[in-house]
Amino acid sequence: MAALLILNGPNLNLLGTRQPEVYGTTTLADIERACRDHAQSRGITLDFAQSNHEGALIDAIHAARGTFDGIILNAGAYTHTSVALMDAIFSAEIPTIELHLSNVHAREPFRHQSYIAKAAVGIICGFGARGYTLAIDAMLGHLEARA
Ligand code: CA2
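What you see is a predicted model, and the numbers here were worked out from it, not measured in a lab.

Draft legend 1. Representation of the sheet that holds strand β4 (residues 96-100). Strand order in the open sheet formed by 5 strands is β2-β1-β3-β4-β5, and the pairing between neighbours is parallel. Looking at strand neighbours, the two that pair on one side only are β2 (45-50) and β5 (122-125), the edges of this open sheet. For this sheet, the mean angle separating the axes of adjacent strands, direction not counted, is 20°. Bridge count for strand β1 (residues 3-8) against strand β3 (residues 70-74) is 5 bridges, and the pairing is parallel. Within β3, the position partnered with L7 by the bridge is L73. Helix α2 (residues 28-42) contacts β1 and β2 of the sheet and is inclined by roughly 170° relative to β2. Contacting β1 and β3, helix α3 (residues 54-64) crosses the sheet at an angle of about 175° to β1.

Draft legend 2. Inspection of the site of the ligand at higher detail. Near the ligand lie 17 residues; those nearest to it are N74, H80, L101, S102 and R111. Interatomic distance of 2.8 Å between a side-chain N/O atom of N74 and an oxygen atom of the ligand. Residue H80 places a side-chain N or O atom 2.7 Å away from an oxygen atom belonging to the ligand. The protein chains hide 94% of the 500 Å² of surface that the ligand would expose on its own. The pocket occupied by the ligand, as judged from atoms lying within 2 Å of grid points, is the largest pocket. Grouping the constituent residues of the shell around the ligand by class yields 8 nonpolar, 7 polar and 2 charged.

Draft legend 3. Seen up close, the pattern of salt bridges. Inspection of every chain in the model, using the stated rule, returns 6 salt bridges. The salt bridge involving R33 is made with D30; its shortest N-O contact spans 3.3 Å. Highlighted residues: R33 and D30, both in helix α2, separated by 3 residues, approximately one helical turn. Here E108 makes a salt bridge to R107, at a shortest N to O gap of 3.8 Å. Of the residues examined, E108 reaches a relative accessible area of 32% and is grouped as partly exposed. The class for R107 is partly exposed, based on a relative accessible area of 22%. Three or more residues joined by partner-sharing salt bridges are found here, namely R107, E108 and R111.

Draft legend 4. Local environment of the environment of G126. Considering the arrangement of structural elements, one finds G126 in the loop between β5 and α5 (130-146). Sequence spacing of G126 and L101 is 25 residues, and the spatial spacing of their C-alpha atoms is 5.3 Å. The contacts of G126, once residues within four sequence positions are left out, are H100, L101, S102 and N103.

Draft legend 5. Structural detail: the packing of α3 against helix α4 (residues 83-92). It is the contact of α3 with α4, at a shortest axis distance of 9 Å, that shows an interaxial angle of 5°. Here α3 lies roughly parallel to α4, going by the angle between them. Where α3 approaches α4, its residues E54, L57, I58, I61 and H62 are matched on the opposing element by A84, L85, A88, I89, S91 and A92. Looking at side-chain class alone, the contact of α3 with α4 contains 8 nonpolar, 2 polar and 1 charged residues.

Draft legend 6. Spatial organisation of unusual backbone geometry. Located in the positive-phi region is N11, a residue other than glycine, with phi close to 75°. Mapped onto the elements, N11 comes out in the loop between β1 and α1 (20-23). Backbone geometry at Q19 places phi at a positive 45°, although glycine is not the residue there. The exposure class assigned to Q19 is partly exposed, which follows from its relative accessible area of 46%.

Cut-offs applied
Residues numbered from 1 in each chain as written. Predicted model: local features only at pLDDT ≥ 70, side-chain atom pairs only at ≥ 80, totals over all residues. Heavy atoms only, no water. Pairing = 2+ DSSP bridges. Helix = DSSP H or I, 4+ residues; strand = E, 2+ residues; numbered from the N terminus. Axes fitted to C-alpha atoms, helices over the stretch in contact; angles between N-to-C directions. Contact = heavy atoms within 4.5 Å. Near = heavy atom within 4 Å. Polar contact = N/O pair within 3.5 Å; in protein donor to acceptor, adjacent residues only side chain to side chain. Areas by Shrake-Rupley, 256 points an atom, 1.4 Å probe, with all protein chains shown as cover. 1 Å grid on protein atoms, 1.4 Å probe; cavity = no way out; pocket = protein on both sides within 12 Å on 5 of 7 lines; lining within 4 Å. Sits in = over half its atoms within 2 Å of the grid points. Nonpolar A, V, L, I, M, F, W, Y, C, P; charged D, E, K, R; others polar. Salt bridge = Lys/Arg side-chain N within 4 Å of Asp/Glu carboxyl O. Buried < 20%, exposed > 50% of the residue type's maximum accessible area, 1.4 Å probe, protein only. Parallel < 35°, antiparallel > 145°, perpendicular 65-115°, else oblique.

If you want it as C-alpha coordinates, here you go:
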(Lines give C-alpha, C1' and ligand atoms only; values in the text may rest on other atoms or scores of the structure.)
Protein backbone atom coordinates (compact mmCIF):
# COMPACT_ATOMS: atom_id res chain seq x y z
CA MET A 1 0.00 0.00 0.00
CA ALA A 2 1.49 3.33 -1.07
CA ALA A 3 1.96 6.08 1.51
CA LEU A 4 1.99 9.69 0.36
CA LEU A 5 2.92 12.89 2.17
CA ILE A 6 1.08 16.06 1.16
CA LEU A 7 2.99 19.06 2.37
CA ASN A 8 1.79 22.67 2.26
CA GLY A 9 3.91 25.77 2.74
CA PRO A 10 3.49 29.31 3.99
CA ASN A 11 0.12 31.08 4.13
CA LEU A 12 -1.80 28.11 2.76
CA ASN A 13 -3.45 27.85 6.20
CA LEU A 14 -5.31 31.04 5.15
CA LEU A 15 -6.99 29.40 2.15
CA GLY A 16 -10.69 30.14 1.89
CA THR A 17 -10.49 32.98 4.37
CA ARG A 18 -8.77 35.74 2.30
CA GLN A 19 -8.18 36.67 -1.37
CA PRO A 20 -10.94 34.31 -2.64
CA GLU A 21 -10.64 35.94 -6.10
CA VAL A 22 -7.14 34.45 -6.39
CA TYR A 23 -7.26 31.27 -4.29
CA GLY A 24 -10.98 30.38 -4.13
CA THR A 25 -13.20 29.69 -1.15
CA THR A 26 -12.11 26.13 -0.39
CA THR A 27 -10.24 25.88 2.92
CA LEU A 28 -7.16 23.75 3.54
CA ALA A 29 -9.31 21.57 5.84
CA ASP A 30 -11.72 21.01 2.89
CA ILE A 31 -8.76 20.01 0.71
CA GLU A 32 -7.42 17.64 3.36
CA ARG A 33 -10.85 15.96 3.61
CA ALA A 34 -11.04 15.56 -0.19
CA CYS A 35 -7.51 14.09 -0.23
CA ARG A 36 -8.33 11.64 2.58
CA ASP A 37 -11.54 10.52 0.79
CA HIS A 38 -9.60 10.14 -2.44
CA ALA A 39 -6.79 8.20 -0.73
CA GLN A 40 -9.35 5.82 0.77
CA SER A 41 -10.93 5.24 -2.63
CA ARG A 42 -7.47 4.45 -4.05
CA GLY A 43 -6.50 2.19 -1.12
CA ILE A 44 -3.49 4.25 -0.04
CA THR A 45 -2.50 6.05 3.14
CA LEU A 46 -1.58 9.69 3.41
CA ASP A 47 -0.34 12.30 5.76
CA PHE A 48 -1.34 15.95 5.26
CA ALA A 49 0.58 18.82 6.85
CA GLN A 50 1.13 22.57 6.60
CA SER A 51 3.84 24.84 7.95
CA ASN A 52 4.71 28.51 7.60
CA HIS A 53 8.34 27.70 8.41
CA GLU A 54 10.94 26.71 5.83
CA GLY A 55 12.95 24.64 8.36
CA ALA A 56 9.87 22.70 9.44
CA LEU A 57 9.12 21.83 5.80
CA ILE A 58 12.72 20.69 5.34
CA ASP A 59 12.50 18.57 8.53
CA ALA A 60 9.29 16.96 7.23
CA ILE A 61 10.98 16.09 3.91
CA HIS A 62 13.99 14.58 5.73
CA ALA A 63 11.69 12.55 8.01
CA ALA A 64 9.73 11.26 4.99
CA ARG A 65 12.68 9.09 3.89
CA GLY A 66 11.83 5.45 4.57
CA THR A 67 8.23 6.28 5.52
CA PHE A 68 6.60 7.75 2.40
CA ASP A 69 6.72 6.58 -1.21
CA GLY A 70 5.91 9.99 -2.67
CA ILE A 71 5.61 13.64 -1.69
CA ILE A 72 3.16 16.18 -3.08
CA LEU A 73 4.47 19.62 -2.26
CA ASN A 74 2.76 22.98 -2.52
CA ALA A 75 5.67 24.99 -1.19
CA GLY A 76 3.80 28.29 -1.62
CA ALA A 77 6.13 31.26 -2.09
CA TYR A 78 9.16 29.16 -1.02
CA THR A 79 8.81 27.53 -4.45
CA HIS A 80 10.34 30.65 -5.96
CA THR A 81 13.11 31.24 -3.43
CA SER A 82 14.20 28.11 -1.58
CA VAL A 83 17.38 26.37 -2.67
CA ALA A 84 17.24 24.68 0.76
CA LEU A 85 13.91 22.99 -0.03
CA MET A 86 15.24 21.89 -3.42
CA ASP A 87 18.31 20.36 -1.72
CA ALA A 88 16.07 18.59 0.82
CA ILE A 89 14.04 16.99 -1.98
CA PHE A 90 17.19 15.85 -3.78
CA SER A 91 18.59 14.42 -0.53
CA ALA A 92 15.38 12.55 0.38
CA GLU A 93 15.37 10.69 -2.94
CA ILE A 94 11.57 10.41 -2.79
CA PRO A 95 9.60 11.24 -5.95
CA THR A 96 8.05 14.66 -5.44
CA ILE A 97 5.33 16.46 -7.38
CA GLU A 98 5.30 20.27 -7.32
CA LEU A 99 1.74 21.49 -6.91
CA HIS A 100 0.07 24.90 -7.11
CA LEU A 101 -3.55 25.97 -6.93
CA SER A 102 -3.00 28.84 -9.35
CA ASN A 103 -1.36 28.81 -12.77
CA VAL A 104 1.88 30.38 -11.61
CA HIS A 105 3.02 30.84 -15.25
CA ALA A 106 0.09 33.17 -15.95
CA ARG A 107 0.99 35.33 -12.94
CA GLU A 108 3.84 37.70 -12.03
CA PRO A 109 7.26 36.89 -13.57
CA PHE A 110 8.79 36.10 -10.15
CA ARG A 111 6.36 33.15 -9.86
CA HIS A 112 7.69 31.63 -13.10
CA GLN A 113 10.93 30.64 -11.33
CA SER A 114 10.79 27.38 -9.35
CA TYR A 115 13.58 25.72 -7.40
CA ILE A 116 11.22 22.84 -6.55
CA ALA A 117 10.77 22.02 -10.27
CA LYS A 118 14.46 21.17 -10.56
CA ALA A 119 14.02 18.31 -8.07
CA ALA A 120 10.44 17.30 -8.92
CA VAL A 121 9.22 14.49 -11.16
CA GLY A 122 6.45 16.76 -12.47
CA ILE A 123 4.31 19.82 -11.86
CA ILE A 124 0.56 20.38 -11.55
CA CYS A 125 -0.72 23.95 -11.43
CA GLY A 126 -3.78 25.99 -12.27
CA PHE A 127 -6.53 23.51 -11.38
CA GLY A 128 -7.36 24.94 -7.96
CA ALA A 129 -8.12 22.56 -5.12
CA ARG A 130 -8.77 19.73 -7.62
CA GLY A 131 -5.04 19.75 -8.31
CA TYR A 132 -4.48 17.89 -5.03
CA THR A 133 -6.46 14.81 -6.06
CA LEU A 134 -5.00 15.04 -9.58
CA ALA A 135 -1.55 15.01 -7.96
CA ILE A 136 -2.41 11.90 -5.92
CA ASP A 137 -3.39 10.06 -9.10
CA ALA A 138 -0.34 11.38 -10.96
CA MET A 139 1.93 10.14 -8.16
CA LEU A 140 0.26 6.71 -8.10
CA GLY A 141 0.74 6.45 -11.87
CA HIS A 142 4.37 7.45 -11.50
CA LEU A 143 5.02 4.91 -8.73
CA GLU A 144 3.25 2.15 -10.68
CA ALA A 145 5.31 2.87 -13.82
CA ARG A 146 8.50 2.57 -11.75
CA ALA A 147 7.53 -0.71 -10.05
O1 CA2 B 1 -0.92 28.80 -6.36
C2 CA2 B 1 -0.35 28.29 -5.39
O3 CA2 B 1 -0.72 27.24 -4.86
C4 CA2 B 1 0.83 29.03 -4.74
O5 CA2 B 1 1.76 28.06 -4.26
C6 CA2 B 1 0.26 29.84 -3.61
C7 CA2 B 1 1.30 30.72 -2.93
C8 CA2 B 1 2.01 31.57 -3.96
O9 CA2 B 1 3.04 32.33 -3.34
C10 CA2 B 1 2.63 30.73 -5.06
O11 CA2 B 1 3.23 31.58 -6.00
C12 CA2 B 1 1.56 29.91 -5.75
C13 CA2 B 1 0.62 31.66 -1.93
C14 CA2 B 1 -0.22 30.96 -0.91
C15 CA2 B 1 -0.94 32.05 -0.16
O16 CA2 B 1 -2.22 31.59 0.16
C17 CA2 B 1 -3.10 32.50 0.60
C18 CA2 B 1 -4.38 32.06 0.76
C19 CA2 B 1 -5.32 32.94 1.18
C20 CA2 B 1 -5.00 34.25 1.47
C21 CA2 B 1 -3.70 34.68 1.33
C22 CA2 B 1 -2.74 33.80 0.90
